[in-house]
Amino acid sequence: YNPFSYINDPQAKRGPELTPEETQAATMRTQIASAIANHDMPQAARIYLQLKQIDPKQVLSRQAQLDIATQLASQQLYPQAAEAYEMFIRTYPKFEQIEQIELMLGLIYARYLQQYSKAREHLVRALAKLHGDREIEMAKSELSRIEMMT
């Protein structure tokens, strides 16, 4: 018995063929990982946005998704940053510091996107788990500001 005999066997069963879109998405995910490894976050963010155009359901590894969301926010691409953070929360709900993500997302929705109901939802969730005095005060202050505006 040769467990590697299928390698040279053209008749051997292989996995399903990837569609052109799946192949392109896989290539882009590799490019994103490479850009992150090279500390080129703007390039990683650019490729990520292109990837989301091809397949909006794409999500990266936990750290890569978080890094990309943070990069998008730092570039003031707030709608895209919010979407990336939302995807992070949906995909990694048990992340040990999820309250920090909820806080960041609440601040983005409140301060930059004027989506106050979403902001309130995330800030309240963050407040339930936050421990640091500074973060708690920030969330409470933003919630108060939202209440005055709505």
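Residues numbered from 1 in each chain as written. Predicted model: local features only at pLDDT ≥ 70, side-chain atom pairs only at ≥ 80, totals over all residues. Heavy atoms only, no water.

**Comments concerning the nonpolar core**
Of all hydrophobic cores here, the largest spans 43 residues; its most connected members are Ile32, Ile68, Tyr85 and Ile108. For this core, the elements supplying multiple residues, two or more each, are helix H1 (20-37), helix H2 (41-54), helix H3 (62-74), helix H4 (78-91), helix H5 (98-111), helix H6 (116-129) and helix H7 (133-149). Here this core takes eight residues from H5, the largest share from any one element. Leaving out residues up to four positions away in the same chain, Ile32 has contacts with Ala44, Ile47, Tyr48, Leu51, Leu60 and Ile68. (Core = buried A, V, L, I, M, F, W, Y, C linked by side-chain atoms within 4.5 Å. Buried < 20%, exposed > 50% of the residue type's maximum accessible area, 1.4 Å probe, protein only. Helix = DSSP H or I, 4+ residues; strand = E, 2+ residues; numbered from the N terminus. Contact = heavy atoms within 4.5 Å.)

**Focus: the environment of Ile136**
Topologically, Ile136 is positioned in helix H7. Ile136 sits 10 residues away from Ala126 along the chain, and the two C-alpha atoms are 8.4 Å apart. If we skip the residues at most four places from it in the chain, Ile136 touches Leu127, Leu130 and His131.

**Brief notes about the packing of H6 against H7**
For the pair H6 and H7, the least separation of the axes is 10 Å and the interaxial angle reads 150°. Taken together, the axes of H6 and H7 lie roughly antiparallel to each other. Our pair here, H6 against H7, has a crossing hand that is left-handed. Contact residues: Tyr116, Ala119, Arg120, Leu123, Val124 and Leu127 in H6; Ile136, Ala139, Lys140, Glu142, Leu143, Ile146, Glu147 and Met149 in H7. (Axes fitted to C-alpha atoms, helices over the stretch in contact; angles between N-to-C directions. Parallel < 35°, antiparallel > 145°, perpendicular 65-115°, else oblique. Left-handed = near helix turned anticlockwise from the far one by under 90°.)

**A short note on H4**
Counting along an α-helix, one turn takes 3.6 residues, and residues three or four places apart therefore face a common direction. The end-to-end C-alpha distance of H4 is 20 Å, a good match for the 20 Å that 14 residues give at a rise of 1.5 Å each. For H4, the complete set of buried residues consists of Tyr78, Ala81, Ala82, Ala84, Tyr85, Glu86, Met87, Phe88 and Ile89. Check the buried side of H4 and you find it contacts H2, H3, H5 and H6. (Expected span 1.5 Å × (residues − 1).)

**Overview of the pattern of salt bridges**
Note that side chains of opposite charge can pair when their charged atoms are close. If you walk through the whole model with that rule in mind, you get seven salt bridges. Arg120 is paired through a salt bridge with Glu147; the nearest N and O atoms lie 2.9 Å apart. Remark: Glu147 occurs in helix H7 and Arg120 occurs in helix H6; sequence separation between them is 27 residues. With its nearest N and O atoms 2.6 Å apart, the salt bridge here joins Arg145 to Glu142. Of this pair, Arg145 and Glu142 are both found in helix H7, three residues apart, which corresponds to roughly one turn of the helix. In this structure Arg145 comes out as partly exposed when scored by relative accessible area, which is 27%. (Salt bridge = Lys/Arg side-chain N within 4 Å of Asp/Glu carboxyl O.)

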